[in-house]
Amino acid sequence: MIVKFTGWLIIDPVIAILVALNIIYTGYKLISRSASGLMDAVIPEEDTRKIMAYLDSLKEQGIDYHSLMTRMSGQRKFISLHLLVPGEWSVKQGHDMADQVEETIIGLFDEPVTVSTHIEPVGDPSSMKDIGIVRRKIDME
Ligand SMILES: [Zn+2]
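Cut-offs applied
Residues numbered from 1 in each chain as written. Predicted model: local features only at pLDDT ≥ 70, side-chain atom pairs only at ≥ 80, totals over all residues. Helix = DSSP H or I, 4+ residues; strand = E, 2+ residues; numbered from the N terminus. Buried ≥ 20, exposed ≤ 12 C-beta atoms within 10 Å, placed from the backbone. Contact = placed C-beta atoms within 7 Å. Core = buried A, V, L, I, M, F, W, Y, C linked by C-beta atoms within 7 Å. Pairing = 2+ DSSP bridges. Axes fitted to C-alpha atoms, helices over the stretch in contact; angles between N-to-C directions. Right-handed = clockwise from strand over helix to strand, strands pointing away. pLDDT = per-residue confidence, 0-100.

Engineer: What is the right way to read the overall build of the protein chain from this model?
Structural biologist: Each helix and strand in the protein chain was counted, giving four helices and three strands. Each helix and strand of the protein chain, placed in order from N terminus to C terminus, yields the pattern α-α-α-β-β-α-β. A total of 141 residues make up the protein chain; the buried ones form 11% of that total. Residue pairs at least 24 apart in sequence account for 62% of intrachain contacts in the protein chain once pairs closer than 6 positions are excluded.

In structure tokens form, the structure reads like this:
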């Protein structure tokens, strides 16, 4: 059509190619954005810091943690961690502590959160064997 006005034969296919490239580019952007929303990723770093600040505050009660792992699937955050409690505690004491930690972490967020914990005796070398399973380390100042 523009050819009619300009007499320039190349212009129509050039515009057609530019339009096609733009459609491909827009389509690629849309697909990659929705695909990364569907795939699991770690939770935002500030959220991890919030959890770590709470867990660090338990240290004065002799409670430690490690192997903190997080992921997000859609809106839901998944948090898992190993909770190190005094070895002489009863199962009930350990479980009560785990419940409290899980509920507190859930309470830190407005979005849905699933927390799972694993209890280990603090100071027992076997508790530290699995310390390597951290996907991302965050240094707390
Ligand atoms: Zn552990």
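Engineer: Could you clarify how one ought to interpret the nonpolar core in this entry?
Structural biologist: One recurring pattern in soluble globular proteins is that nonpolar side chains are buried together. If you look at the biggest cluster of nonpolar residues, it comprises eleven residues: Ile51, Leu55, Tyr65, Ile79, Leu81, Leu83, Leu84, Val85, Val101, Ile105 and Val113. Counting residues per element, this core draws most heavily on strand S2 (residues 76-85), at five residues. When residues no more than four places from it in sequence are discounted, the contact partners of Tyr65 are Leu55, Leu81, His82, Leu83 and Leu84.

Engineer: Got a minute to help me understand the sheet that holds strand S3 (residues 113-121) in this structure?
Structural biologist: Across the sheet, which stays open at both edges, the three strands sit in the order S1-S2-S3 with mixed pairing between neighbours. Of all strands in the sheet, those bounded by a partner on one side alone are strand S1 (64-73) and S3. Sheet twist, expressed as the average angle between the axes of neighbouring strands with direction ignored, equals 10°. Note: S2 against S3, nine bridges, orientation parallel. Bridge pairing in S3 places Ser80 opposite Ser116.

Engineer: Explanation requested: the pairing of S2 in the structure shown.
Structural biologist: The side chains of a regular strand alternate, residue by residue, between the two faces of the sheet. Across eight bridges, S1 lies against S2 in antiparallel orientation. Looking at the pairing, Met69 lines up with Ser80 of S2. Hairpin remark: S1 followed by S2, antiparallel, with two residues in the connecting loop; positive phi at Gly74, about 65°. Following the chain from S2 across helix H4 (residues 91-107) to the adjacent parallel S3, one finds a crossover that is right-handed.

Engineer: Looking at this model, I keep getting lost on the confidence of the model for the protein chain. Mind explaining?
Structural biologist: Detail in the predicted coordinates should be disregarded across regions flagged by low pLDDT. Mean pLDDT over the protein chain works out to 87, with 88% of the residues at or above the 70 mark. Across the protein chain, element-level confidence peaks in H4 with a mean pLDDT of 97 and bottoms out in helix H1 (residues 2-6) with 68.

Engineer: What exactly am I supposed to notice about unusual backbone geometry here?
Structural biologist: Among all residues save glycine, negative phi is the norm, and among peptide bonds the norm is trans. The phi dihedral of Ser67 falls on the positive side, at around 50°, and the residue is not glycine. Structurally, Ser67 is set in strand S1. Residue Ser67 is classed as partly exposed on the basis of its 16 C-beta neighbours within 10 Å.

Engineer: Sorry if this is basic, but what is going on with the environment of Glu120 here?
Structural biologist: Mapped onto the elements of the fold, Glu120 is located in strand S3. Assessed through the 22 C-beta atoms surrounding it within 10 Å, Glu120 is described here as buried. Residues Glu120 and His82 lie 38 residues apart in sequence; the distance between their C-alpha atoms is 6.9 Å. Filtering out sequence-adjacent residues up to four positions away, Glu120 remains in contact with His82, Leu84 and Ser127.

Engineer: How should I be thinking about the environment of Ser80 in this particular structure?
Structural biologist: Looking at where Ser80 falls in the secondary structure, it is placed in strand S2. On the neighbour-count criterion, Ser80 (15 C-beta atoms within 10 Å) is partly exposed. Measuring from C-alpha to C-alpha, the distance between Ser80 and Thr117 comes to 5.7 Å, with 37 residues separating the pair along the chain. Beyond its immediate sequence surroundings of up to four residues, Ser80 is in contact with Met69 and Ser116.

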